[in-house]
Amino acid sequence: MHRCLVLPSLILLLLASGLAPAAERAVPETEPAAGAPDRIALWPEGQVPGESGPATVPHVIERSTDPALPDRYIDNVSAPYLVVYRPARPNGSALLVVPGGGYQRIVLDKEGTALVPAFVEQGGVTLFVLRYRLPAGRSDRQAALADAQRAMRVIRADAARWQIDPARVGVMGFSAGGHVAARLSNGFDVPVYPHRDAIDALSARPDVALLIYPVIDMGTHAHTGSRTRLLGPHADVALQQQFSMQGQVRIDTPPTFLVHAQDDNVVPVHNSLVYYQALLRAGVSTEMHLFPSGGHGFGVRIPAGLTVAQWPGLALRWIPSRHTEPARHD
């Protein structure tokens with residue numbers, strides 16, 4: 001038999017047997033339906049700032065072939081929302097979680113649902129995981145910041161319902177989501193959308209910030225994909241500096257916890273280093289943990305034996321220690 005006939009036959013056989021690599025597949029039904037108690041719309045329907053026309057239908061894509069280790073992402077979000085994970089015994093604190101994805105997509109499991117055992121079930125923290133607007137197709141570079149500000153206000157507005165203390169609401173961001181979280185930390189009071197209701201009178205300042213392998217710098221040490229998607233392919237120096245978070249730290253930036261691996265070849269560890277130095281210069285309370293191995297995007301799915309696996313426990317001990325400091329919401 002000719003080789004040109006054998007190969008297609010072999011591929012068909014592998015597909016039929018399930019041995020071939022599975023393609024990414026759409027799984028929109030895995031998201032809570034609109035109106036579900038664990039899904040919170042950030043704005044009333046049709047009132048998302050800067051958006052016109054009916055809301056787009058988000059794409060939810062599964063990349064994993066292992067049902068025990070889902071690895072979904074979402075994009076095409078024009079009506080941002082939160083998904084809530086509540087502990088059986090809430091300790092009164094909450095985190096707005098901003099997953100990464102290079103400003104191209106939003107990772108839902110590695111930096112979302114996988115956090116639940118450590119932070120929700122063991123730590124008693126209520127998690128609000130954000131589905132935010134991405135830069136593609138938008139001229140407004142502040143859409144993600146607007147979503148993060150509104151999310152903090154929405155969480156505080158309904159704190160009693162979630163059994164949380166509105167003065168114990170922090171933000172935790174990963175990779176490009178860490179850039180969004182840093183933007184919120186330094187720009188919580190920047191007017192990036194028109195306030196429209198009583199919720200917008202509340203503070204958007206996080207009480208603490210946890211930045212895990214964050215994108216910080218938009219210059220020499222930038223993650224080029226994040227920079228290009230957010231700022232465009234020809235961002236000048238002034239624009240790069242505006243969105244480089246080490247230059248935006250202020251005295252009322254919230255206490256910050258940083259985690260990075262030294263062998264991260266996607267978002268260089270320099271990003272956390274320069275941010276840590278900027279926090280010190282501003283007199284902001286900060287704690288940084290650098291680990292020799294872990295690469296990028298490890299979340300909490302970390303191979304046995306790596307010391308970076310300690311970070312969730314360190315974070316859970318750090319959060320209450322920072323909440324003893326006076327809250328600053330001015």
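Calculation criteria
Residues numbered from 1 in each chain as written. Predicted model: local features only at pLDDT ≥ 70, side-chain atom pairs only at ≥ 80, totals over all residues. Heavy atoms only, no water. Helix = DSSP H or I, 4+ residues; strand = E, 2+ residues; numbered from the N terminus. Rg over C-alpha atoms; globule rule 2.2 N^0.38 Å. Buried < 20%, exposed > 50% of the residue type's maximum accessible area, 1.4 Å probe, protein only. pLDDT = per-residue confidence, 0-100. Contact = heavy atoms within 4.5 Å. Pairing = 2+ DSSP bridges. Core = buried A, V, L, I, M, F, W, Y, C linked by side-chain atoms within 4.5 Å. 1 Å grid on protein atoms, 1.4 Å probe; cavity = no way out; pocket = protein on both sides within 12 Å on 5 of 7 lines; lining within 4 Å. Points joined across faces, edges and corners; volume = space filled by probe spheres on them. Nonpolar A, V, L, I, M, F, W, Y, C, P; charged D, E, K, R; others polar. Salt bridge = Lys/Arg side-chain N within 4 Å of Asp/Glu carboxyl O.

### As for the overall build of the chain
Here is step 1 of the chain: Scanning the chain from terminus to terminus reveals nine helices and twelve strands.
Here is step 2 of the chain: Expected size for 330 residues packed as a compact globule is a radius of gyration near 20 Å; at 20 Å, the chain falls within 12% of this value.
Here is step 3 of the chain: If you line up the chain on its principal axes, its C-alpha atoms span 75 × 45 × 45 Å.
Here is step 4 of the chain: Here the chain holds 330 residues, and 52% of them are scored as buried.

### What to know about the confidence of the model for the chain
Here is step 1 of the chain: Per-residue confidence for the chain averages 92 on the pLDDT scale, and 91% of its residues sit at or above 70.
Here is step 2 of the chain: Of the regions scoring below 50 in pLDDT, residues 1-21 engages in four contacts with residues more than four places distant in sequence or in other chains.
Here is step 3 of the chain: A low-confidence stretch, residues 326-330 (pLDDT under 50), is modelled with 13 contacts involving residues beyond four sequence positions or located in other chains.

### Some thoughts on the sheet that holds strand β4 (residues 72-75)
Here is step 1 of the chain: On the basis of which strands lie adjacent, the open sheet formed by four strands has the order β1-β3-β4-β7 and antiparallel pairing. The sheet terminates laterally at β1 (25-26) and β7 (106-107), the two strands that pair on one side only.
Here is step 2 of the chain: Here strand β3 (residues 59-62) runs beside β4; their pairing, made up of four bridges, is antiparallel. Looking at the pairing, V60 lines up with I74 of β4.

### A few points about the pairing of strand β5 (residues 81-85)
Looking down a regular strand, the side chains alternate between one sheet face and the other.
Here is step 1 of the chain: Counting buried positions along β5 yields five of five residues, so the element is predominantly enclosed.
Here is step 2 of the chain: Burial along β5 is two-sided: the residues Y81, V83 and Y85 and L82 and V84 are all buried.
Here is step 3 of the chain: By the bridge criterion, three bridges tie strand β2 (residues 39-41) to β5 in an arrangement that is antiparallel. Looking at β5, one finds that R39 is bridged to V83.

### Remarks on the nonpolar core
Considering soluble globular proteins, one finds that nonpolar side chains tend to be buried as a cluster.
Here is step 1 of the chain: In this structure, L96, M172, L210 and W311 are the most contacted members of the largest nonpolar core, which totals 92 residues.
Here is step 2 of the chain: No other element matches the eight residues that helix α3 (residues 143-157) contributes to this core.
Here is step 3 of the chain: Those residues in contact with L96 that sit more than four places away from it in its chain are L82, F128, L130, A148, A151, M152, I155, G170, V171, M172 and L184.

### Focus on empty space enclosed by the protein
Here is step 1 of the chain: As enumerated under the stated definition, the model contains one cavity of 30 Å³ or more in all.
Here is step 2 of the chain: Computed from the structure, the largest cavity encloses a volume of approximately 30 Å³.
Here is step 3 of the chain: For the largest cavity, the full set of lining residues is R133, L134, P135, D140, R141, A143, A144 and L230.

### Regarding the layout of surface pockets
Gaps left between atoms are located by rolling a probe of water-molecule size over the structure's atoms.
Here is step 1 of the chain: Empty space within the largest pocket amounts to approximately 560 Å³.
Here is step 2 of the chain: Every residue lining the largest pocket is counted, 27 residues in all, and those nearest its centre are E45, A55, S78, A79 and P80.
Here is step 3 of the chain: Lining the second largest pocket are 17 residues, and of these G100, G101, G102, V107 and H296 lie nearest its centre.
Here is step 4 of the chain: Partitioned by chemical class, the residues of the lining of the second largest pocket number three nonpolar, eight polar and six charged.

### Structural notes on the pattern of salt bridges
Here is step 1 of the chain: According to the stated counting rule, one finds 13 salt bridges in the structure shown.
Here is step 2 of the chain: Among the salt bridges present, the one from D71 reaches R63, with a minimum N-O distance of 3.2 Å.
Here is step 3 of the chain: With a shortest N-O distance of 2.6 Å, R250 and D252 are connected by a salt bridge.
Here is step 4 of the chain: Under the relative-accessibility criterion, D252 is labelled buried at 10%.
Here is step 5 of the chain: Because the salt bridges share partners, they merge into one network encompassing E31, R72, D109 and R131.

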